[in-house]
Amino acid sequence: SDLYFHFGTRSEIDYLSKFDEIGWSYYFVSETNAHLDRFKTLTSQEAFWVKTNSATSITLAIDSSVTTTTLPALHSGWNLVGIAGDSVATDIVDQASTQGFEVLNIWTMRNGDWSVYIPDATIDAEILAETPRITNIDADQGIWMKVESK
């Protein structure tokens, strides 16, 4: 999806960022940061962050005909991915396993607060009790997950 079509030159948006096996890349509404790795489009299952300089409401038209809950190809380390259909955290762990990875943790932001899913109960017990736990992952919600090769 072409980002200029969706965001144009909205002054309240500083930038969008995404993360993949190469690292961070950015979409800037202004052209002031041309020296950074940049992107102009997003594809299905790419999650992204939006950095704004003020409180704002952002609407992005998403193709609702895409409802896959299949993970894209993962790489060792951190992965920022989007899930197009409703899923549960344990399904994400199972899918990562079929790609040869062990999930160390899954994070998502809901209503401005982080939530976490950690498959290892010992490590989960060490996380602050007030951090909400993930069970379900909503359609079109991005997840920030760390995996390692089995």
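Up top is the structure these notes are about.
A brief look at the structure comes next.

1. Things to note about the overall build of the chain
- Per the secondary structure count, the chain includes 3 helices and 9 strands.
- From first element to last, N terminus to C terminus, the chain shows the α and β order α-β-β-β-β-β-α-β-β-α-β-β.
- Put simply, the chain has 150 residues, and 35% of those count as buried.
- In the structure as shown, the chain presents an accessible area of about 8,700 Å², 52% of it carried by carbon and sulfur atoms.

2. As for the nonpolar core
- Ranked by internal contacts, the top residues of the largest apolar core, which has 16 residues, are Leu71, Leu74, Ile92, Ala96, Ile106, Ile143 and Met145.
- Among the elements of the structure, β4 (77-83), α2 (89-98), β6 (101-110) and β9 (141-149) are those that each provide at least two residues to this core.

3. Overview of the environment of Phe101
- Position of Phe101 relative to the elements: it lies in strand β6.
- Assessed through its relative accessible area of 10%, Phe101 is described here as buried.
- Separated by 47 residues in sequence, Phe101 and Glu148 place their C-alpha atoms 5.4 Å apart.
- Once residues within four sequence positions are removed from consideration, Phe101 is found in contact with Leu74, His75, Ser76, Ala96, Val147, Glu148, Ser149 and Lys150.

4. Observations concerning a negative patch on the surface
- A cluster of acidic residues, Glu102, Asp120, Glu126 and Glu148, forms a negative patch on the protein surface.
- Summarising the element assignment, Glu126 is placed in helix α3 (residues 121-126).
- Judged by relative accessible area, which is 64%, Glu126 ranks as exposed.

5. Quick look at the sheet that holds β9
- One open sheet holds the 4 strands; their spatial order is β4-β9-β6-β7, and the pairing between them is antiparallel. Looking along the sheet, the strands with just one partner apiece sit at the ends: β4 and β7 (113-117). Here the strands of the sheet are splayed against their neighbours by 25° on average, with no regard to which way each runs.
- Two strands pair when backbone bridges link them, and β6 and β9 are joined in this way by 6 bridges, in the antiparallel orientation.

6. Digging into the sheet that holds strand β1 (residues 13-20)
- In spatial order, the strands read β2-β1-β3; together these 3 strands make up an open sheet with antiparallel pairing. Looking along the sheet, the strands with just one partner apiece sit at the ends: β2 (23-28) and β3 (49-52). Direction aside, neighbouring strands of the sheet carry axes that sit 25° apart on average.
- Bridge count for β1 against β3 is 4 bridges, and the pairing is antiparallel.

Calculation notes
- Residues numbered from 1 in each chain as written.
- Predicted model: local features only at pLDDT ≥ 70, side-chain atom pairs only at ≥ 80, totals over all residues.
- Heavy atoms only, no water.
- Helix = DSSP H or I, 4+ residues; strand = E, 2+ residues; numbered from the N terminus.
- Buried < 20%, exposed > 50% of the residue type's maximum accessible area, 1.4 Å probe, protein only.
- Areas by Shrake-Rupley, 256 points an atom, 1.4 Å probe, with all protein chains shown as cover.
- Core = buried A, V, L, I, M, F, W, Y, C linked by side-chain atoms within 4.5 Å.
- Contact = heavy atoms within 4.5 Å.
- Patch = residues over 30% accessible without salt bridge, like charges linked within 9 Å, V, L, I, M, F, W, Y side chains within 5 Å.
- Salt bridge = Lys/Arg side-chain N within 4 Å of Asp/Glu carboxyl O.
- Lys, Arg positive; Asp, Glu negative; His and termini not counted.
- Charge placed at Lys NZ, Arg CZ, Asp CG, Glu CD.
- Pairing = 2+ DSSP bridges.
- Axes fitted to C-alpha atoms, helices over the stretch in contact; angles between N-to-C directions.

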